[in-house]
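# Structural characterization, general
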Amino acid sequence: MSNIKHVAIIMDGNGRWAKKRFRPRIWGHVRGSSVVSEIVQAADDINVKALTLYAFSTENWSRPVEEVSILFKLLKKFLLKEQARLLKNNIHFKVIGEINGLPEDTVTLIKETESLTAKATGLKLTFAFSYGGRCEIVRAVNQFQIQNPSKLMTEDDLSSRLYRPETGDVDLMIRTGGEQRISNFLLWQMAYAELYFTPSKWPEFTAHEFKRIIEHVSGRERRFGNVTPQASFQLSVERAENNKAVFVQGVLS
Ligand code: IPE
Ligand code: IPE
Ligand code: MG
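Cut-off values and rules
In this convention, every chain numbers its residues from 1, walking through the sequence in written order. The lettering of chains begins at A and the numbering of ligands begins at 1, in the order of writing. Note on the predicted model: pLDDT of at least 70 is required for a residue's local features to be given, and 80 or more for side-chain atom pairs to be given and counted; whole-chain, interface and lining totals, by contrast, use all residues. Only hydrogens and water are set aside; all other atoms, that is, all heavy atoms of the structure, feed into the side-chain values. Note on pairing: DSSP must find at least two bridges between two strands before they are called paired. Segments assigned H or I by DSSP are reported as helices when at least four residues long, segments assigned E as strands when at least two residues long, and all are numbered from the N terminus. To define axes, lines are fitted to C-alpha atoms, for helices over the stretch in contact only, and angles between the resulting N-to-C directions are given on a 0 to 180 degree scale. Any residue with a heavy atom positioned within 4 Å of a molecule or strand is treated as near that molecule or strand. Two N or O atoms form a polar contact when they lie within 3.5 Å of each other; inside protein one atom must be a possible hydrogen donor and the other a possible acceptor, and for residues adjacent in sequence the pair counts only when both atoms belong to side chains. Relative accessibility under 20% of the residue-type maximum defines a buried residue, over 50% an exposed one, and the middle range a partly exposed one, all with a 1.4 Å probe and only protein chains included. Contact definition: two residues touch when any of their heavy atoms are within 4.5 Å. Given a helix with a known number of residues, its expected span is that number minus one, times 1.5 Å. This arc is taken over the directions from the axis of the helix to the C-beta atoms. Each angle gets one of four labels, with under 35 degrees taken as roughly parallel, over 145 as roughly antiparallel, 65 to 115 as roughly perpendicular, and the rest as oblique. Handedness of a crossing follows from how the near helix is turned relative to the far one, being left-handed for an anticlockwise turn of less than a right angle and right-handed for a clockwise one. Only Asp, Glu, Lys and Arg are considered charged, only Ala, Val, Leu, Ile, Met, Phe, Trp, Tyr, Cys and Pro nonpolar, and every remaining residue, Gly among them, polar.

## Brief notes about the sheet that holds strand S4 (residues 124–131)
Ordered by their spatial adjacency, six strands build an open sheet running S3-S4-S2-S1-S5-S6, and the pairing between neighbours is parallel. Only two strands of the sheet have a single neighbouring strand rather than two, namely strand S3 (92–96) and strand S6 (194–197). Recorded for the sheet is a direction-independent mean angle of 20° between the axes of neighbouring strands. In terms of strand pairing, strand S2 (residues 50–57) meets S4 through seven bridges, oriented parallel.

So, in structure tokens, the structure goes:
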């Protein structure tokens, strides 16, 4: 079984994909949104427990208003189209981010989809929309301070106040589009994530490539600051031999 339980994806490269085809950036977003269902299905197939998709960052608000409004429309279209399938596949859907600035009908649809799937016990699917990692951390700190004015905060206090604490730490972060940066995504949750950057632009990303990446990364050794199990074994053998020598010396002297 794979040790990759929580996968996060920065779905990047829509605009460049469209530009290369002499199309407007918006075309890239439309094509990109049709890839989402395929990747959700693939994650479910291979038994990933949580999938978090970066769809719109707090910084993306500074894009031209037409582009921003197309992204809202695509989110709405996705939810309308996929609601039934999410339910059927026992997928628990949630949006993380500051969604209050979104059009009212989009917010209503998000809430409706969230409550419709709230009892699902399968894949935890999260859309990061109007999301910023720094904003998420500051929000958690403020919440804690209001609730505990004179206490110092622990790591658990912070983790439990993130937007969706139950998804836990990220095991693997994939970024499409070729850039090698994190762009304010899940800063706290990615402390020990494996990172994978693919040159494929999001509209050309496939379930096949997704599964290949998971397979590839599952083979990596994750040490979490420790030494390799083999080195650790070697060290304990040396330590045991050392102790034995000290003991024998003690008995003989
Ligand atoms: C990712 O694609 C989608 C969003 C950020 C909303 P981009 O729109 O950033 O595409 P590029 O990176 O400019 O190609
Ligand atoms: C990151 O992509 C955000 C999303 C994919 C939603 P950007 O295209 O906004 O990131 P930068 O500007 O290249 O860092
Ligand atoms: Mg981009």
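## So, the site of ligand 2
Inspection of the region around ligand 2 gives Ile 10, Met 11, Asp 12, Tyr 54, Ala 55, Phe 56, Asn 60, Arg 63, Arg 175, Arg 181 and Ser 183 as its neighbouring residues. Taking Asp 12, its side chain carries an N or O atom lying 3.2 Å from an oxygen atom of ligand 2. A distance of 2.8 Å is found between an oxygen atom of ligand 2 and a side-chain nitrogen or oxygen belonging to Arg 181. No other element matches the three residues that S2 contributes to the shell around ligand 2.

## Describing the environment of Ala 55
Checked against the element boundaries, Ala 55 lands in strand S2. By relative accessible area, which is 27% here, Ala 55 ends up partly exposed. Sequence-wise, Ala 55 and Arg 161 are 106 residues apart; in three dimensions their C-alpha atoms are separated by 22 Å. Sequence-distant contacts of Ala 55, that is, excluding residues within four places in its chain, are made with Met 11, Ala 128 and Phe 129.

## Examining helix H4 (residues 104–116)
Its 13 residues give H4 an end-to-end C-alpha distance of 18 Å, which sits within 8% of 18 Å, the value for a rise of 1.5 Å per residue. Looking only at H4, the buried set comprises Thr 106, Val 107, Leu 109, Ile 110, Thr 113 and Glu 114. Seen along its axis, H4 keeps its buried residues to an arc of 165°; they face one direction. Every exposed residue of H4 that faces more than 90 degrees away from the buried side is listed here: Glu 104 and Ser 115.

## Structural notes on the packing of helix H2 (residues 25–45) against helix H3 (residues 65–88)
Between two packed helices, both the angle of their axes relative to each other and the distance between the axes serve to describe the pair. Between H2 and H3, whose axes approach to 10 Å, the crossing angle comes to 25°. Accordingly, the angle class assigned to the pair H2 and H3 is roughly parallel. Helix-helix and strand crossings are classified by hand; for H2 and H3 the assignment is right-handed. Residues Arg 25, Ile 26, His 29, Val 30, Ser 33, Val 36, Ser 37 and Gln 41 of H2 form the contact with H3, whose own contacting residues are Glu 67, Ile 70, Leu 71, Leu 74, Phe 78, Lys 81, Glu 82 and Arg 85. Residues that form the contact of H2 with H3 fall into these classes: seven nonpolar, four polar and five charged.

## Remarks on the site of ligand 1
What surrounds ligand 1 is a group of 13 residues, the closest being Asp 12, Gly 15, Arg 16, Arg 25 and Arg 63. Take Asn 14: an N or O atom from its main chain is 3.2 Å from an oxygen atom of ligand 1. A distance of 2.9 Å is found between an oxygen atom of ligand 1 and a backbone nitrogen or oxygen belonging to Gly 15. No other element matches the three residues that helix H1 (residues 14–20) contributes to the shell around ligand 1. Taken together, the residues of the shell around ligand 1 sort by class into three nonpolar, five polar and five charged.

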